[in-house]
Amino acid sequence: MGAEQPYEMVVGLEVHIQLNTKSKLFSSDSTVFGADANSLTNEVSLAHPGTLPVLNKQAVKLAIKLGLACNSEIAKEMYFDRKHYFYPDSPLGYQITQQNKPVCLGGYVSIPFKNQEKKVVLEKIHLEADAGKSIHDQSDKYSLIDLNRAGMPLLELVTKPVLESPEEVGIFINEIQKIVRFLDVSDGNMEEGSLRCDANISLKRKSDTQLGQKVEIKNMNSTRNVRKALVYEYERQSEILNTGGRVVGESRLFNVNNGRTEDMREKEEAHDYRYFPDPDLAPFVVSEEMLEKIESKMILLPFDLRKLFVEEYRLSPKEALIIADNKITAKLIIDLVEAGIPADLAGKWLAGPVKALINQSDLLFSLDSKELASLVTLVNENKITYTNAINKVLPELVKSVGIETSKLVAEMNLTVDDDESSLSGIIDGILINHPEEVEAYKNGKKVLLQLFMGQVMKQTQGKADPKITMKLIKDKIG
Ligand code: MN
């Protein structure tokens, strides 16, 4: 967006989040990803006459969890509405959603933007059932329909029109992804469609107080596509406005192949859907007990954690971001600090070798904070070298659940060798075998010290106490 542009972008997002319940929102069909087409389709998913929906309570609990995390007001009583439209992938002829009494009202999500905190204000978060999937491109003659997705439990999180740039929108989506993963509300996988975004974008002159005509870009499943679509839409709408035209209120699709948005249909108004409360579903009452139980299990989220790590642990913003973004490292650092490990030291371990191991080992990573604390302490007390600790012991600790660090170090025979006389013997041998290097060192090529150190480490499997070794070498040829 060039500085000469007279328009501001205003964006409101609708994020559809697929909940990680075992069964669908109103039936016992499984929600597993990647099943054969139309294999997760019982009578309810197929909307056979006479079947009735039964609300999945777990979905409500997850919705409340996200609502609490987003500082929303949780409804004491909610109900479901029918949103009517005709489409082949929706056998009911309507979508069950929450138009008037959503589970969560208002709230905000804090995002880090330009080194500041920005509160993205929410309209609501509501529960709804997903539609099936039409597949148009496999045959010239037919469209195919897969109803596995029909009835999948979704949360739709709706922001107010408060986002102002593609970058900000990208950061917001990433933050939502982190939050739902932290809370175990959803796997947040955008490629698998567990997180999908509709963006409502309008342009206005900087001096205008009223919002411009909004255009909806539907169903994007990557942060990158959302950002690209917004950049394209800004250009497109600017051009219309610059030439005295009028932006049409419509739904558009982002074409990933050419990076453009294309018109899809004119935007429906709410009254086109003939909403009314679903008579098949009784209003759901959220008891005090249910709410308290969920509240008592709430955990710190990435935003709070980053704050804690910077303000109290005094980590650099970069380290804080790395550690706070991952549930495992976030929990580990809190445990380490509680166990008495200095925060800056704990931060280096977690942002460095521990994070690197997590990146390699995927979802199966488990590491006992007590054992990690003893490893850090062993290094600090010079009982084992840092190199051996991170390269040999740490991966083993992750692999073998329940093993004690001290036992492992002893078993692996990695205890630091700080016996001066044995080290002295080893060093003598190395110096004798490198007469030319010793001579060069004496003549000022001090960098050769690293070569001698390396030889000692090699012969001792990295167990030689670095300080003592260095001192002995210097004493002998310095
Ligand atoms: Mn929706």
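From a predicted model like this one, the values you see are computed outputs, not experimental measurements.

Student: How do you make sense of the overall build of the protein chain when you look at a structure like this?
Tutor: Within the protein chain, the secondary structure is distributed over 15 helices and 17 strands. Its C-alpha radius of gyration of 30 Å places the protein chain more than 25% over the 23 Å reference for a compact globule of 478 residues. Once the C-alpha set of the protein chain is aligned to its principal axes, its extents read approximately 90 × 55 × 50 Å. When each of the 478 residues of the protein chain is scored for burial, the buried share is 47%. Working note: accessible area of the protein chain is about 24,700 Å², and carbon and sulfur atoms make up 51% of it.

Student: Would you explain the domain arrangement of the protein chain in this entry?
Tutor: Frequently, the measure chosen for interface size is the accessible area that the parts lose on association. Domain boundaries assigned for the protein chain yield domain 1 (7–292), domain 2 (300–400) and domain 3 (420–477). The distance between the C-alpha centroids of domain 1 and domain 3 comes to 65 Å.

Student: Could you clarify how one ought to interpret the coordination of the manganese ion in this entry?
Tutor: Metal coordination angles have textbook ideals: 109.5 degrees for a tetrahedral set of four donors and 90 or 180 degrees for an octahedral set of six. Coordination of the manganese ion by the protein comes from His16 (NE2), Glu128 (OE) and Glu156 (OE), over a distance range of 2.0 to 2.2 Å. All donors to the manganese ion come from one chain, and their sequence spacing reads H-x111-E-x27-E. Linking His16 in strand β1 (residues 7–18) with Glu156 in strand β11 (residues 153–159), this pair joins segments that are 140 residues apart in sequence. Using a relative accessible area of 11% as the deciding quantity, one classes His16 as buried. Residue class for Glu156 comes out buried when judged on its relative accessible area of 8%.

Student: How should I be thinking about the sheet that holds strand β5 (residues 94–97) in this particular structure?
Tutor: The strand order across the open sheet built from 3 strands is β5-β4-β16, with neighbouring strands paired in antiparallel fashion. For this open sheet the edge positions go to β5 and β16 (276–277), each flanked by a neighbour on one side alone. Of the strand pairs in this sheet, strand β4 (residues 81–84) and β5 are connected by 4 bridges, and their pairing is antiparallel. In the sheet register, Arg82 faces β5, and the bridge partner there is Ile96.

Student: Is there a simple way to explain empty space enclosed by the protein in this structure?
Tutor: Taking a probe equal in size to a water molecule and rolling it over the atoms shows the remaining empty space. Throughout the structure, instances matching the rule amount to 1 cavity of 30 Å³ or more. Roughly 40 Å³ of volume is contained in the largest cavity. In terms of lining, the largest cavity is formed by Ile74, Ala75, Lys76, Val286, Ser287, Glu288 and Leu291. Grouping the constituent residues of the lining of the largest cavity by class yields 4 nonpolar, 1 polar and 2 charged.

Student: Would you take a moment to explain the packing of helix α12 (residues 420–433) against helix α15 (residues 466–477) for this structure?
Tutor: Packed helix pairs are characterised by how far apart their axes lie and by the angle those axes make with each other. Packing of α12 against α15 brings their axes to within 10 Å, and their N-to-C directions diverge by 55 degrees. Relative to α15, α12 is oriented oblique. Relative to α15, α12 is oriented so that their crossing is right-handed. Between α12 and α15, the residues in contact are Glu420, Leu423, Ser424, Ile427, Asp428 and Leu431 and Ile468, Thr469, Leu472, Ile473, Lys476 and Ile477, respectively.

Student: Which parts of the structure should I look at to understand the side chain of Arg252?
Tutor: With respect to the helices and strands, Arg252 occurs in strand β14 (residues 250–255). Residue classification places Arg252 among the buried residues on the basis of a relative accessible area of 7%. Engagement of the side chain of Arg252 in a polar contact is seen with the side chain of Glu233, the distance being 3.3 Å. Those residues in contact with Arg252 that sit more than four places away from it in its chain are Val215, Glu216, Ile217, Lys218, Glu233, Arg236, Thr261, Glu262, Asp263 and Met264.

Student: Just to check I follow, could you spell out the packing of aromatic side chains for this structure?
Tutor: Here the distance between the centres and the angle between the planes together describe a pair of aromatic rings. Applying the stated criterion across every chain, the model contains 5 aromatic pairs. Taking the centre distance of 5.4 Å and the plane angle of 85 degrees together, the rings of Phe26 and Phe80 count as edge-to-face. With Phe26 in the loop between β1 and α1 (57–69) and Phe80 in the loop between β3 (77–78) and β4, this pair connects stretches of sequence that are 54 residues apart. Residue class for Phe80 comes out buried when judged on its relative accessible area of 2%. With a centroid separation of 5.3 Å and 25 degrees between ring planes, the pair formed by Phe309 and Tyr313 is classed as stacked. Side by side, Phe309 and Tyr313 carry an identical accessibility label, which is buried. Residue placement shows Lys446 over the ring face of Tyr441; its charged tip is 4.5 Å from the ring centre.

Student: Help me understand the pattern of salt bridges, please; the structure alone is not making it clear to me.
Tutor: Once the charged atoms of two side chains with opposite charge are near each other, the side chains can pair. Per the stated rule, a full pass over the model turns up 25 salt bridges. The closest approach of N and O atoms between Lys24 and Asp29, which form a salt bridge, is 3.7 Å. Comparing Lys24 with Asp29 shows no difference in burial state: the two are buried. Here Asp184 ties to Lys327 by a salt bridge, and the two come within 3.4 Å at their closest N and O atoms.

Conventions adopted
Residues numbered from 1 in each chain as written. Predicted model: local features only at pLDDT ≥ 70, side-chain atom pairs only at ≥ 80, totals over all residues. Heavy atoms only, no water. Helix = DSSP H or I, 4+ residues; strand = E, 2+ residues; numbered from the N terminus. Rg over C-alpha atoms; globule rule 2.2 N^0.38 Å. Buried < 20%, exposed > 50% of the residue type's maximum accessible area, 1.4 Å probe, protein only. Areas by Shrake-Rupley, 256 points an atom, 1.4 Å probe, with all protein chains shown as cover. Domains from an automatic or database assignment. Donors = N, O, S within 2.8 Å, 3.2 Å for Na, K, Ca; no water. Pairing = 2+ DSSP bridges. 1 Å grid on protein atoms, 1.4 Å probe; cavity = no way out; pocket = protein on both sides within 12 Å on 5 of 7 lines; lining within 4 Å. Points joined across faces, edges and corners; volume = space filled by probe spheres on them. Nonpolar A, V, L, I, M, F, W, Y, C, P; charged D, E, K, R; others polar. Axes fitted to C-alpha atoms, helices over the stretch in contact; angles between N-to-C directions. Parallel < 35°, antiparallel > 145°, perpendicular 65-115°, else oblique. Left-handed = near helix turned anticlockwise from the far one by under 90°. Contact = heavy atoms within 4.5 Å. Polar contact = N/O pair within 3.5 Å; in protein donor to acceptor, adjacent residues only side chain to side chain. Phe/Tyr/Trp six-rings, centres within 6.5 Å; stacked < 30°, edge-to-face > 60°. Lys NZ or Arg CZ within 6 Å of the ring centre and 35° of its normal. Salt bridge = Lys/Arg side-chain N within 4 Å of Asp/Glu carboxyl O.

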